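# Survey of secondary and tertiary structure
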Amino acid sequence: DLCFLLLLIHPYLLTKLSFLPPAWCYHKPSCNDTTWPTIAAKYCSGTRQSPINIVSASAELNANLTEFTFQNYGDTSILKKILNTGKTVKVSLGSGVSISGGDLSEAYDSLQFHLHWGNGSSIPGSEHTVDGKRYPMELHIVNSKSTFNGNTTLAVKDSTGLAALGFFIEVRGQPASWNTLTSYLANIRNRGDSVSIAPGISLDDLLVGVDRSQYYRYLGSLTTPNCNEAVVWTVFKDSIKVSKDLVRPGHPERHPAWVLGLINARIPGGQRSLACISSRIATVIQVTLERSKEP
Ligand SMILES: [Zn+2]
């Protein structure tokens, strides 16, 4: 009996559907960031949204912004797994990696890092910009207050529950660490694919050449839904310099845009609604802190 079957299936499907996360995307008009406030109304059109354009002339020195201590960033077996989430390439980190100092209220556990990118040629894909300059790519290291013991569901309910480190990536160098890391991309071409990372490269290796005492600080949000305003943002002035093959289509199998077929930067302005743009300007005013270089 078809009606009987429908009665059985229908409540089940409803239950399943109600547990599906809301659909969002970067570039389809039906689900791009102009629609995110309808998914997560509480935050995505809020007043401390990220990313922002950092106006360097508005940044002020703040003596509280001391150097960070990076715990186990030199450990060459701490990069555990690389995953294609369908939205980004995410590398999970082993336990015992953390940051402290830098005017953070306590130590924060480093949980994962991921990348944001453009199309690898004409469209740059960093999320933050400095004085309007957009870099080819951006690396985000996501850290969670140690109090929460890795539970990010709890961390996003705290206005400073997460600390994100943002590093711009541009073309001008050829660190072996990035050649190694991007060599894994060809093995995770489908959403959900993941592979283990062999020991050999550390976070320090990937952050090579960056003076980590020079940074901008502001209070912001996750840059993807639900856009929770729970993030202490640190954006480093120095960029990571990688070879042009990694950000341009010389070796497309090394570029995440080729692997995922995606441009995944939340780029305020342009396609965003006026409400979002005005909230962005409000947030820019909060970018007033800049670490001074010690003599
Ligand atoms: Zn990110």
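An unreviewed UniProt entry lists the chain under the name Carbonic anhydrase, from Dicentrarchus labrax. Under the UniProt heading Function (unreviewed entry), the entry covering the chain gives this text: "Reversible hydration of carbon dioxide." Checking UniProt for the chain, the heading Cofactor (unreviewed entry) contains the comment "Zn(2+)".

This brings us to the overall build of the chain. What the chain contains, in helices and strands, is eight helices and 15 strands. Every one of the 295 residues in the chain was classed for burial, and the buried ones make up 49%. Of all intrachain contacts in the chain linking residues separated by at least 6 positions in sequence, the fraction that spans at least 24 positions is 74%.

The subject of this paragraph is the coordination of the zinc ion. Listed as protein donors to the zinc ion are His114 (NE2), His116 (NE2) and His140 (ND1); their distances from the metal cover 2.0 to 2.1 Å. In the primary structure, the donors to the zinc ion are separated according to the pattern H-x1-H-x23-H. Within this pair, whereas His114 is found in strand β7 (residues 108–117), its partner His140 is found in strand β10 (residues 137–145), the two being separated by 26 residues in sequence. The residues His114 and His140 share a single accessibility class, namely buried.

A few words now on the packing of aromatic side chains. Per the stated rule, a full pass over the model turns up ten aromatic pairs. Ring geometry for Phe68 against Phe70: centres 5.6 Å apart, planes inclined by 50 degrees, an arrangement best described as tilted. Of the residues examined, Phe68 reaches a relative accessible area of 7% and is grouped as buried. Seen from their ring centres, Tyr135 and Phe168 are 4.2 Å apart, and the 15 degrees between their planes marks the pair as stacked. Here Tyr135 is found in the loop between β9 (133–134) and β10, whereas its partner Phe168 is found in strand β11 (residues 162–171), with 33 residues between them in sequence. Through successive ring pairs, a cluster of aromatic residues spans Phe68, Phe70, Tyr73, Phe167, Tyr215 and Phe236. Over the aromatic face of Tyr135 sits the side chain of Lys133, whose NZ or CZ is 4.6 Å from the ring centroid. Over the ring of Phe70 we find Arg212; its NZ or CZ atom is 4.6 Å from the centre of that ring.

Taken as a whole and judged by the stated rule, the model has one disulfide. Bridging Cys25 to Cys31, the disulfide has an S-S length of 2.2 Å. Residues Cys25 and Cys31 share a disulfide whose torsion about the S-S bond is about 105 degrees; that sign makes it right-handed. Each of the two residues, Cys25 as well as Cys31, counts as buried.

What follows deals with the side chain of Glu138. Take Glu138: it is sitting in strand β10. Of the side chains with opposite charge, Arg134 comes closest to the buried, unpaired Glu138, at an N-O distance of 6.6 Å. Here the side chain of Glu138 touches Glu127 through a polar contact of 2.7 Å, landing on its backbone nitrogen. The residues touching Glu138, leaving out its near neighbours within four places in the chain, are His114, Leu115, His116, Ser126, Glu127, His128, Gly166, Phe167, Phe168 and Ile169.

Moving on, we come to the nonpolar core. Grouped together as the largest cluster of nonpolar side chains are 50 residues, with contacts concentrated most on Leu79, Phe113 and Leu181. Filtering out sequence-adjacent residues up to four positions away, Phe113 remains in contact with Leu79, Val89, Lys90, Val91, Leu93, Leu139, His140, Ile141, Leu181, Leu203 and Leu206. Ile54, Ala164, Phe168 and Ala230 belong to the second largest nonpolar core, which has 18 residues in total.

Rules behind the numbers
Here the residue numbers are simple positions, counted from 1 along each chain's written sequence. A pLDDT threshold of at least 70 governs which residues receive local features in this predicted model, and a stricter bar of 80 or more applies before side-chain atom pairs are shown or counted, although totals over entire chains, interfaces and linings include all residues. Note that the side-chain values use all heavy atoms of the structure and ignore hydrogens as well as water. UniProt positions are given in the numbering used here, feature names are shortened, and annotations may be inferred rather than shown by experiment. Every helix listed is a DSSP run of H or I at least four residues long, and every strand listed is a run of E at least two residues long, numbered separately from the N terminus. A simple rule labels every residue: compare its accessible area, found with a 1.4 Å probe on the protein chains alone, to the largest value its type can have, and call it buried under 20%, exposed over 50%, or partly exposed in between. Should any heavy atoms of two residues lie within 4.5 Å, those residues are considered in contact. Donor criterion used throughout: N, O or S atom within 2.8 Å of the metal, extended to 3.2 Å for Na, K and Ca. Water excluded; incomplete-looking sites may result. Only the six-membered ring of Trp is used, alongside the rings of Phe and Tyr, when aromatic pairs are assigned; centres must lie within 6.5 Å, and planes under 30 degrees apart are stacked while those over 60 apart are edge-to-face, with the rest tilted. We count a charge as sitting over a ring when the NZ of a lysine or the CZ of an arginine lies within 6 Å of the ring centre and within 35 degrees of the ring normal. Cysteine sulfur atoms are paired as a disulfide whenever they fall within 2.5 Å. Working convention for charge: Lys and Arg count positive, Asp and Glu count negative, and His plus the chain ends are omitted. For salt bridges, the criterion is a side-chain nitrogen of Lys or Arg within 4 Å of an Asp or Glu carboxyl oxygen. Two N or O atoms form a polar contact when they lie within 3.5 Å of each other; inside protein one atom must be a possible hydrogen donor and the other a possible acceptor, and for residues adjacent in sequence the pair counts only when both atoms belong to side chains. Residues belong to one nonpolar core when they are buried, are Ala, Val, Leu, Ile, Met, Phe, Trp, Tyr or Cys, and are joined through side-chain atoms within 4.5 Å.

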